[in-house]
Amino acid sequence: MTDATPTGPSRSEPRPELVSRIQRWRPDLLAPLANLYPDPESVAERLLAIVEQADAERPDELRTLDARRLAEPDWFQQPGALGYAAYADRFATTLRGVQEHADHLSDLGVTYLHLMPLLQPRPAPNDGGYAVQDYRTVRSDLGSMADLAALASDLRGRGIALCLDLVLNHVAKEHAWAAAARAGDETKRAYFHVYDDRTLPDAYEQSLPEVFPDFAPGNFSWDADLDGWVWTTFNDYQWDLNWANPDVLCEFAEIILALANAGVEVFRLDAIAFTWKRLGTHCQNQPEVHDLTQALRTVARMAAPAVVFKAEAIVGPQDLPAYLGVGDHAGKVSDLAYHNSLMVQVWSMLAAKDVRLATHALQQLPQPPSTTAWITYLRCHDDIGWAIDDGDAAAVGVDGFGHRRFLSDWYSGDFPGSWAQGLVFQENPQTGDRRISGSLASLAGLELGDPDAVHRILLAHAVILGFGGLPVLWMGDELGLLNDPHWASEPGHAADNRWVHRQRMPWPLPPDSHGIRAGLDRLLAARRALPHLHAAVPTEVWDPRDPGVLLVVRRHSSGNLLGAYNVTPDDRFVPGEVLAWLGLDPMTAVDHLRGSERSARVGVGGGVALPAYAAAWVTAP
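A few points on the structure. (Residues numbered from 1 in each chain as written. Predicted model: local features only at pLDDT ≥ 70, side-chain atom pairs only at ≥ 80, totals over all residues. Heavy atoms only, no water.)

### Here's the deal with the nonpolar core
Heads up, the rule is: The definition of a nonpolar core used throughout is a set of buried Ala, Val, Leu, Ile, Met, Phe, Trp, Tyr and Cys residues joined through side-chain atoms within 4.5 Å. Exposed residues in this analysis have more than 50% of their type's maximum accessible area, buried residues have under 20%, and partly exposed residues fall in between, with area computed by a 1.4 Å probe over protein chains only.
Within the largest apolar cluster, 186 residues are counted, with the highest numbers of intra-cluster contacts made by Tyr-84, Phe-192, Phe-252 and Tyr-411. Counting 18 residues, the second-largest nonpolar core is a separate cluster that includes Val-553, Leu-582, Ala-600 and Val-618.

Okay, structure coming up:
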């Protein structure tokens with residue numbers, strides 16, 4: 001590891017602002033370190049030296065941003081906040097290209113841009129960039145660190161925060177740490193989980209699942225240069241890091257603060273759930289994961305308080321809340337986390353034309369801390385895994401295994417009457433797990449020309465925009481991009497069908513022939529005007545009065561909002577009693593989504609009439 005204490009000229013005295021932040025957050029640093037390491041004080045001193053050096057090097061422009069974020073810490077919770085995610089090369093070839101096309105993002109109203117892994121990976125195969133060889137270098141085909149800083153500055157001027165992936169669980173086997181370990185450096189060997197024989201690996205394997213059973217079975221790989229078995233959860237070229245070694249924590253503290261000083265405002269903590277290993281468990285979601293996050297989050301609060309953490313925790317519903325902080329970690333770990341359950345349940349509702357399972361499952365999740373937010377989304381770069389809990393399914397009279405099988409059949413187009421065009425990803429015959437790849441538009445029926453496809457697409461967006469949180473659009477969803485028919489022809493992609501929904505942006509953009517962009521713009525304009533949709537406002541999912549209509553309530557000091565979503569191809573009705581319980585007069589209440597052919601009619605029959613696949617956001621006038 002590089003020495004945490006900078007060399008060269010002696011450092012000047014810390015700035016008063018930094019001293020104040022250290023005093024404020026030092027207890028939040030020591031508490032998790034005490035759970036992780038035998039000598040927490042010495043680790044804390046190493047981390048504070050890193051903090052002081054990073055603060056001394058922080059550009060004035062970013063110190064100004066720090067002050068603004070400290071004054072407005074809820075910037076990512078605002079109803080006007082909107083995220084966008086893309087691969088830089090598939091959006092615009094290079095980082096300079098992204099900058100040249102940033103007007104598209106501004107026109108959409110984007111305030112947060114997640115560019116998929118762009119730090120230097122190993123040569124292909126590299127798991128789509130998640131096998132990082134150098135955290136301090138940008139992929140040469142995308143540009144340079146100077147280009148990254150220039151892009152971040154340009155985006156910041158537009159009110160757009162730049163988010164980058166930070167892979168925590170593993171590095172590429174070509175990373176300098178791994179190369180040193182193979183060369184015999186015992187200090188670097190201790191950065192990894194290395195075993196002389198199969199005794200412990202075999203013991204761990206008894207309770208470990210396989211992430212990629214098709215092309216990366218098992219969780220350990222033999223390396224002749226190491227003369228040992230190294231832990232490789234994902235692929236044999238991705239070596240898991242030993243976070244029980246405080247050197248690893250200090251290395252990543254330096255990496256985070258260096259990237260923050262280049263202008264990165266949000267870090268997506270990739271594969272965070274896997275970072276701590278414990279024999280006899282599946283080595284995911286261990287308590288120490290949250291201690292590690294709190295320690296890193298506290299370091300960032302001290303040196304770069306504008307920085308926000310996002311947990312890439314695609315885990316079961318029962319494990320999800322901890323990534324936004326529960327108990328002692330409340331408000332001290334990640335600021336954002338993916339609401340994977342909502343994403344899965346949206347697709348489940350559309351296929352089943354029934355909201356009862358989704359309602360029950362969503363009701364089981366506690367409210368996140370008021371200073372945090374869910375990332376709400378419909379698609380991302382990854383496949384869709386059907387995270388349907390068996391207990392949730394049983395509670396509404398559904399067989400969990402059977403429903404997961406139905407969803408895979410439906411979205412691969414194998415179920416009679418399906419309008420979807422997806423591909424099965426990583427089928428596991430032992431568990432029956434079959435995940436799905438495919439673009440949002442193709443999964444919603446646009447590829448097959450289904451007449452209700454556009455209405456489904458806009459309804460699904462209304463759900464994630466009206467649920468509360470930070471909604472994130474996947475690149476091209478605003479255009480209705482279909483599956484890429486040539487996905488397998490690109491070098492290195494043929495074995496991974498997730499590239500089917502990682503299309504290239506078609507510049508110049510095609511006309512909005514389907515009306516998806518126009519409908520999305522209407523939804524976003526309505527959302528920006530509704531304080532009820534601030535992420536700090538609790539979300540209530542009500543028991544349905546009609547099994548085809550999802551009911552979501554937001555209680556704000558300015559009044560109550562009812563979100564009603566018809567997931568069926570038939571007309572549905574929300575009775576007046578639902579409005580009355582919220583203090584809404586059906587004769588005067590307003591639907592903020594009115595103005596399109598699928599607008600609800602409020603007051604008809606004393607309630608809300610919803611056409612097929614229609615949504616309504618209803619408040620008092």
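### Some points on the sheet that holds strand β23 (residues 601-602)
To summarise the sheet geometry, strands pair through backbone hydrogen bonds and adopt either a parallel or an antiparallel arrangement. Condition: When DSSP finds two or more bridges between a pair of strands, those strands are recorded as paired. Secondary structure elements are defined from DSSP: runs of H or I of at least 4 residues count as helices, runs of E of at least 2 residues count as strands, and each element is numbered from the N terminus.
The antiparallel open sheet is built from three strands, whose spatial order is β21-β24-β23. Because the sheet does not close on itself, it has two edges, and the strands there are β21 (572-574) and β23. Pairing geometry for β21 and strand β24 (residues 608-610), over three bridges, is antiparallel. Looking across to β24, one finds that Arg-572 is bridged to Leu-610.

### A look at the pattern of salt bridges
The test is simple: For salt bridges, the criterion is a side-chain nitrogen of Lys or Arg within 4 Å of an Asp or Glu carboxyl oxygen.
As enumerated under the stated definition, the model contains 43 salt bridges in all. Note that Arg-21 and Asp-55 form a salt bridge whose closest N and O atoms lie 3.6 Å from each other. Placement of Arg-21 in helix α1 (residues 16-36) and of Asp-55 in helix α2 (residues 40-57) is noted, with a sequence separation of 34 residues between them. For the residue pair Arg-21 and Asp-55, the accessibility class agrees, reading buried in each case. Between Asp-103 and Arg-158 there is a salt bridge whose closest N-O contact spans 2.9 Å. Remark: Arg-158 occurs in the loop between α7 (145-157) and β5 (161-167) and Asp-103 occurs in helix α6 (residues 102-108); sequence separation between them is 55 residues. If you follow the salt bridges from partner to partner, you end up with Arg-15, Glu-17, Arg-21 and Asp-55 in one network.

### Some thoughts on the pairing of strand β9 (residues 228-231)
As defined by bridge partners, strand β7 (residues 194-195) adjoins β9 across two bridges and the pair is classed as antiparallel. Residue Tyr-195 lies in a different strand from β9, and its bridge partner there is Trp-229. As judged from the four bridges shared by strand β8 (residues 220-223) and β9, these two strands associate in the antiparallel manner. Note on β9: the bridge partner recorded for Ser-221 is Val-230. Hairpin geometry of β8 and β9 is characterised by an intervening segment of four residues between the two adjacent antiparallel strands and by a positive phi of about 55° at Asp-227.

### Focus on the side chain of Arg-517
With respect to the helices, strands and loops of the structure, Arg-517 is situated in helix α19 (residues 516-528). Take Arg-517: its relative accessible area is 18%, and that puts it in the buried class.

### Quick look at unusual backbone geometry
Looking along the chain, the bond that leaves Ala-124 and enters Pro-125 is cis, with omega of 5°. By the element assignment, Pro-125 lies in the loop between β3 (119-121) and β4 (132-138). Backbone torsion omega between Trp-507 and Pro-508 reads -10°, so that peptide bond is classified as cis. Positioned with a positive phi, Ala-271 is a non-glycine residue whose angle comes to about 55°.

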